[in-house]
Amino acid sequence: MKIGVLISGRGSNLKALIEACAEPGFRGRIAIVISNRPNAAGLALAAAAGIPTLVIDHKDFASRETFDAELDRALRETGVELICNAGFMRILSDGFVEKWRNRQINIHPSLLPAFKGLHVHRRALDAGVRITGCTVHFVRPEMDEGPIIAQAAVPVLPDDTPETLAARVLEAEHKLYPMALKLVVEGRARVVGEHVVLSDADGGNVPAALFMPSPR
Ligand code: GRF
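The structure displayed is predicted, hence computed values, not measured ones.

*Asks:* Describe the overall build of the protein, with residues and values.
*Replies:* Along the backbone of the protein there are 6 helices and 10 strands. Relative to the 2.2 N^0.38 estimate, which gives 17 Å for 216 residues, the radius of gyration of the protein is 17 Å and therefore close to what a compact globule would have. Its C-alpha atoms give the protein principal-axis dimensions of about 45 × 35 × 35 Å. Within the protein, residue pairs in contact and separated by at least 24 positions form 61% of the contacts whose partners lie at least 6 positions apart. Per element, the accessible surface of the protein, about 10300 Å² overall, is 55% carbon and sulfur. Of note, the protein has its 25 positive side-chain charges centred 2 Å away from the centre of its 25 negative side-chain charges.

*Asks:* So, the site of the ligand: which residues are in play, and what are the values?
*Replies:* In the vicinity of the ligand, the contacting residues are Arg 10, Gly 11, Ser 12, Asn 13, Gly 87, Ile 107, Pro 109, Leu 170 and Glu 173. If the ligand stood free it would expose 370 Å²; the protein chains cover 85% of that surface. Applying the majority rule of atoms within 2 Å of the grid points places the ligand in the largest pocket. Listing elements by their share of the shell around the ligand, those giving two or more residues are helix H1 (12-21) and helix H6 (162-185). When its residues are assigned to classes, the shell around the ligand shows 3 nonpolar, 4 polar and 2 charged. Residue-level mapping places the shell around the ligand at the junction of two domains, with at least three residues from each of domain 1 (1-100) and domain 2 (108-134 + 147-216).

*Asks:* Provide a residue-level description of the side chain of Arg 140, including the pertinent values.
*Replies:* Residue position: Arg 140 is located in the loop between strand S6 (131-138) and strand S7 (148-155). On the accessibility criterion, Arg 140 (6% relative accessible area) is buried. Sequence-distant contacts of Arg 140, that is, excluding residues within four places in its chain, are made with Val 97, Arg 101, Asn 102, Glu 145, Gly 146, Pro 147, Val 191 and Glu 194.

*Asks:* Lay out the pattern of salt bridges with the relevant residues and their values.
*Replies:* Summed over all chains, the structure comprises 13 salt bridges. Residue Arg 140 pairs with Glu 194 through a salt bridge whose shortest N-O separation is 2.8 Å. A residue pair is termed long-range when its members are at least 10 positions apart, and Arg 140 in the loop between S6 and S7 and Glu 194 in the loop between strand S8 (189-192) and strand S9 (195-198) qualify at 54 residues. Judged by its relative accessible area of 37%, Glu 194 is partly exposed. Through salt bridges with shared partners, a single network forms among Glu 98, Arg 101, Arg 140 and Glu 194.

*Asks:* Break down the layout of surface pockets for me, citing the residues and quoting the values.
*Replies:* Once rolled over the atoms, a probe with the size of a water molecule shows which space is left empty. Of the pockets and cavities examined, the largest pocket occupies roughly 1100 Å³. Lining the largest pocket are 40 residues, and of these Gly 87, Phe 88, Met 89, Pro 109 and Leu 118 lie nearest its centre. Sorting the residues of the lining of the largest pocket by element identifies H1, strand S5 (104-108), helix H5 (120-127) and H6 as the ones contributing at least two each. For the lining of the largest pocket, the element with the highest residue contribution is H6, accounting for 6 residues. Tallied by class, residues from the lining of the largest pocket come to 17 nonpolar, 13 polar and 10 charged.

Analysis parameters
Residues numbered from 1 in each chain as written. Predicted model: local features only at pLDDT ≥ 70, side-chain atom pairs only at ≥ 80, totals over all residues. Heavy atoms only, no water. Helix = DSSP H or I, 4+ residues; strand = E, 2+ residues; numbered from the N terminus. Rg over C-alpha atoms; globule rule 2.2 N^0.38 Å. Contact = heavy atoms within 4.5 Å. Areas by Shrake-Rupley, 256 points an atom, 1.4 Å probe, with all protein chains shown as cover. Lys, Arg positive; Asp, Glu negative; His and termini not counted. Charge placed at Lys NZ, Arg CZ, Asp CG, Glu CD. Near = heavy atom within 4 Å. 1 Å grid on protein atoms, 1.4 Å probe; cavity = no way out; pocket = protein on both sides within 12 Å on 5 of 7 lines; lining within 4 Å. Sits in = over half its atoms within 2 Å of the grid points. Nonpolar A, V, L, I, M, F, W, Y, C, P; charged D, E, K, R; others polar. Domains from an automatic or database assignment. Buried < 20%, exposed > 50% of the residue type's maximum accessible area, 1.4 Å probe, protein only. Salt bridge = Lys/Arg side-chain N within 4 Å of Asp/Glu carboxyl O. Points joined across faces, edges and corners; volume = space filled by probe spheres on them.

Following this line, the structure appears as structure tokens:
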């Protein structure tokens, strides 16, 4: 399956996906990495891995729709079958999202539906939750909504700052996203009535922090 990864910045999740795709027998290949920011560090990670990159700078477009049309064109031209948002900080138009329905996935650093949007770790600390985590889900027009493929739980520790909590969640993200992508490219994560039904996914053997299903 040809994958297009959308980024806006650092690209640590992109790196985890690149490494996953390099595993023998992995049924997906990253065909292009597209950034809406010219200075996104993730672009260099992709280039170092020999993956074609493209900058589509949103500032060059008069409207969200014209930016999205160019993004759609580039993805189709490359033959992309699945989009992975990996720290992509643009809201996509409903039209774009509907065109890629069930063919676009996203990672969000909270246990959705809790803490949608920005500043999630600050808000988790303010709320006093003991457990937070991350979620990979199919994209829907409403921000950070859509059928959940996989989640990982991460403890909040007494002395956490938004930064220390973000770092702990990010470690989990780097395990969760490749695992969820594997389920999708193998056709083992199907959307049925806005829930994801997993086939042959092993929820057992769950490690210290809770991943569901379990990464393997
Ligand atoms: C991650 O925490 C991801 O969950 C969120 O944005 C951050 C991107 O980090 N959507 P990176 O660019 O993958 O390092």
